[in-house]
Amino acid sequence: MSERIIWQAEGAELPRLDFALLEEWIGQVAASHHRTVGNLSYIFCNDEYILKVNREFLQHDYFTDIITFDYCRGRLLRGDLVISLDTVASNARNQGAPYIIELYRVIIHGVLHLCGINDKGPGEREIMEQNEDKALEMLSRLQFGV
């Protein structure tokens, strides 16, 4: 069975993205962390859907931008990444960031979790943000050849 990335939507419209470019980017980010991309499923959804997932699987009663289910095997990245486009949009507005940049940040945030980077403990959030910024620079180079 070949490894691949699946892009789907649940209760939301699939964002208009260059999925081939994103797959190349995800592969580069994974390689920079000495990982290989396996089967990944991205599920873009609305707040109601992610709240349901958060309650059912994590017993959390709040909205979030992404939930990452980790099925990795060694250095092979495998997982389901559920992204609320509603929360991404509200976070972008609250931070004064362009929506597309916030969406890219969240897309790669899940991959970084699968690479073993956490963001809940002391100092971990800063490490995650540094890795997100580095990954976004990689995407910029891919997009614009700089």
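So, a few notes on the structure that sits alongside this text. Keep in mind that this is a model prediction, so the values were computed, not measured. (Residues numbered from 1 in each chain as written. Predicted model: local features only at pLDDT ≥ 70, side-chain atom pairs only at ≥ 80, totals over all residues. Heavy atoms only, no water.)

For the rest of this paragraph, the subject is the overall build of the protein. A count of helical and extended segments in the protein gives five helices and four strands. The linear arrangement of helices and strands in the protein, starting from the amino end, is β-α-β-α-β-β-α-α-α. A compact globule built from 146 residues should have a C-alpha radius of gyration of about 15 Å, and the protein, at 15 Å, falls within 12% of that. Looking at the 146 residues of the protein, the share that counts as buried comes to 45%. A total of about 8,100 Å² of accessible surface is found on the protein, and carbon and sulfur atoms cover 49% of it. Between the averaged position of the 14 positive side-chain charges in the protein and that of its 22 negative side-chain charges there is a distance of 4 Å. (Helix = DSSP H or I, 4+ residues; strand = E, 2+ residues; numbered from the N terminus. Rg over C-alpha atoms; globule rule 2.2 N^0.38 Å. Buried < 20%, exposed > 50% of the residue type's maximum accessible area, 1.4 Å probe, protein only. Areas by Shrake-Rupley, 256 points an atom, 1.4 Å probe, with all protein chains shown as cover. Lys, Arg positive; Asp, Glu negative; His and termini not counted. Charge placed at Lys NZ, Arg CZ, Asp CG, Glu CD.)

Next up on the list: the packing of helix H1 (residues 19-32) against helix H5 (residues 124-144). Contact geometry for H1 and H5: axes closest at 10 Å, N-to-C directions at 135°. In terms of their interaxial angle, H1 and H5 are classed as oblique. Handedness of the crossing formed by H1 with H5: right-handed. Contacts between H1 and H5 pair Leu21, Glu24, Trp25, Gln28, Val29 and Ser32 from the former with Ala135, Leu136, Met138, Leu139, Leu142 and Gln143 from the latter. For the contact of H1 with H5, the class distribution of residues is eight nonpolar, three polar and one charged. (Axes fitted to C-alpha atoms, helices over the stretch in contact; angles between N-to-C directions. Parallel < 35°, antiparallel > 145°, perpendicular 65-115°, else oblique. Left-handed = near helix turned anticlockwise from the far one by under 90°. Contact = heavy atoms within 4.5 Å. Nonpolar A, V, L, I, M, F, W, Y, C, P; charged D, E, K, R; others polar.)

For the rest of this paragraph, the subject is the sheet that holds strand S3 (residues 66-70). Strands in a sheet are paired, the pairing made by backbone hydrogen bonds, and the direction either parallel or antiparallel. A sheet is described by the order of its strands in space; here four strands give the open sequence S1-S2-S4-S3, paired in mixed fashion. Looking at strand neighbours, the two that pair on one side only are strand S1 (5-10) and S3, the edges of this open sheet. Shown here is a sheet whose adjacent strand axes are inclined to one another by a mean of 15°, direction ignored. The sheet contact formed by S3 and strand S4 (residues 76-84) spans five bridges and is antiparallel. Across the sheet, residue Ile67 finds its bridge partner in S4, namely Val82. Packed on one face of the sheet, helix H2 (residues 47-58) meets S1, strand S2 (36-45), S3 and S4 and runs near 40° to S3. (Pairing = 2+ DSSP bridges.)

From the geometry alone we can't say anything about function, so treat these as descriptive.
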